[in-house]
Structure formats: C-alpha cells, structure tokens
Amino acid sequence: SSDEPAALRRQLWTMCEGLGASMLAAGLVGEKLTLRLKDSSFEVRSRAAPRGAAIGSAGELYARALPLLERELRRGGAAEGGVPDSTRSHARLRLRSIGVMMTGLSRVRAAAGAEGGGG
C-alpha cells in the first residue's frame with residue numbers, strides 16, 4: 001500500500017464505500033467506528049472514534065474515520081501515546097492496509113408511513 005497521505009485517504013474512502021454498501025444492503029446503521037491500521041512491521045493499531053449518532057452511508061463513515069487516520073498520519077512513526085519509538089521511522093507512517101469496522105449496529109427505521117400503517 002502507498003504511504004502517501006492522499007493515497008491513504010483514497011484507500012480509506014474505498015473502504016468506507018464498501019462498508020457503507022454492505023450496511024445499506026443489510027439495512028443497518030452503527031454507532032461506533034473503529035479504524036484498523038497495519039503498518040510496515042505488521043503491527044496492527046486500532047483507533048476508535050467516540051460513539052456517536054448511528055450512521056451508515058459511505059460519506060458519514062468517511063467523515064468519522066478520516067480524523068482518526070489524520071491523527072495517525074500526524075503522529076507518523078510514534079509509538080502508542082505519541083512517544084517516539086527508536087525502531088520506527090519518524091518521518092512517515094507506512095501502512096500495509098487499512099480497515100474500517102462498525103459496531104453498535106441496529107436496523108434502519110422505516111420512514112414514517114413507509115410501512116403502510118403509519119403507526
């Protein structure tokens with residue numbers, strides 16, 4: 001995977017599109033987004049966004065995931081807690097893969113009157 005920030009953002013968007021399509025097809029929304037990053041040393045980092053309103057579209061997922069990715073890009077090769085680790089490159093975070101996961105899932109409520117009885 002490329003380590004250029006723009007390429008990582010595009011990869012994140014692609015992951016959010018896929019997850020959003022799957023959630024839409026299943027009629028689901030979720031409250032808690034987790035970003036999983038696997039770096040060049042195969043270390044997996046999980047970063048969770050604060051629980052928020054239930055979301056499910058690609059745009060909403062991306063909006064919640066992007067700040068997590070941006071924070072990791074700013075930290076670069078820093079270890080957990082932002083303390084530099086001498087075994088890592090400090091110039092740039094080098095990622096092998098990005099994953100996006102939603103938890104706190106629930107069914108999407110039908111629009112008012114969409115079920116024929118309205119109530």
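Check the entry above for the structure.
Note that the coordinates shown come from a computational prediction; the quantities given were computed from them, not determined experimentally. (Residues numbered from 1 in each chain as written. Predicted model: local features only at pLDDT ≥ 70, side-chain atom pairs only at ≥ 80, totals over all residues. Heavy atoms only, no water.)

Caption draft 1: Region of interest: the overall build of the protein chain. Across its full length, the protein chain holds 2 helices and 5 strands. Across the protein chain, every contact between residues at least 6 apart in sequence was considered, and the portion connecting residues at least 24 apart equals 70%. Total accessible area on the protein chain stands at roughly 6,900 Å², and carbon and sulfur atoms take up 54% of it. (Helix = DSSP H or I, 4+ residues; strand = E, 2+ residues; numbered from the N terminus. Contact = heavy atoms within 4.5 Å. Areas by Shrake-Rupley, 256 points an atom, 1.4 Å probe, with all protein chains shown as cover.)

Caption draft 2: Representation of the pairing of strand β3 (residues 44-48). Burial along β3 is one-sided: R45 and R47 are buried, and none of V44, S46 and A48, which face the opposite way, are. Sheet topology note: the strand β2 (residues 32-39)/β3 ladder contains 5 bridges and is antiparallel. Paired with K38 across the strands is V44, a residue of β3. Where β2 folds back on β3, the antiparallel hairpin that results is connected by 4 residues, among which F42 adopts a positive phi of roughly 70 degrees. (Buried < 20%, exposed > 50% of the residue type's maximum accessible area, 1.4 Å probe, protein only. Pairing = 2+ DSSP bridges.)

Caption draft 3: Geometry of the packing of aromatic side chains. Per the counting criterion, the structure on display carries 1 aromatic pair. Each ring, one from W13 and one from Y62, has its centre 5.4 Å from the other, and the planes form 85 degrees; the classification is edge-to-face. On the criterion of sequence distance, the pair formed by W13 in helix α1 (residues 5-26) and Y62 in helix α2 (residues 58-75) is long-range, its members being 49 residues apart. Its relative accessible area of 32% is what places W13 among the partly exposed residues. Under the relative-accessibility criterion, Y62 is labelled buried at 18%. (Phe/Tyr/Trp six-rings, centres within 6.5 Å; stacked < 30°, edge-to-face > 60°.)

Caption draft 4: Region of interest: α1. Its 22 residues give α1 an end-to-end C-alpha distance of 31 Å, which sits within 8% of 32 Å, the value for a rise of 1.5 Å per residue. If you check which residues of α1 are buried, you get A7, L8, L12, C16, L19, G20 and M23. Phi turns positive, to about 70 degrees, at G27, one or two residues after α1. (Expected span 1.5 Å × (residues − 1).)

Caption draft 5: Structural view of the sheet that holds β3. Pairing within the open sheet is antiparallel, and its 3 strands lie in the order β3-β2-β4. Strand pairing shows two members of the sheet lacking a second neighbour, β3 and β4 (95-103), which therefore form its edges. The sheet shows a mean angle of 20 degrees between the axes of neighbouring strands, direction not considered. Packed onto the sheet, α1 meets β2 and β4 and runs at close to 30 degrees relative to β4. (Axes fitted to C-alpha atoms, helices over the stretch in contact; angles between N-to-C directions.)

Caption draft 6: Main features of the environment of A65. Examined against the element boundaries, A65 turns out to sit in helix α2. Look at A65 and you get buried, because its relative accessible area is 0%. For the pair A65 and R47, spaced 18 residues apart in sequence, the C-alpha separation works out to 9.1 Å. Discounting chain neighbours no more than four positions away, the residues touching A65 are L12, C16, L33 and L35.

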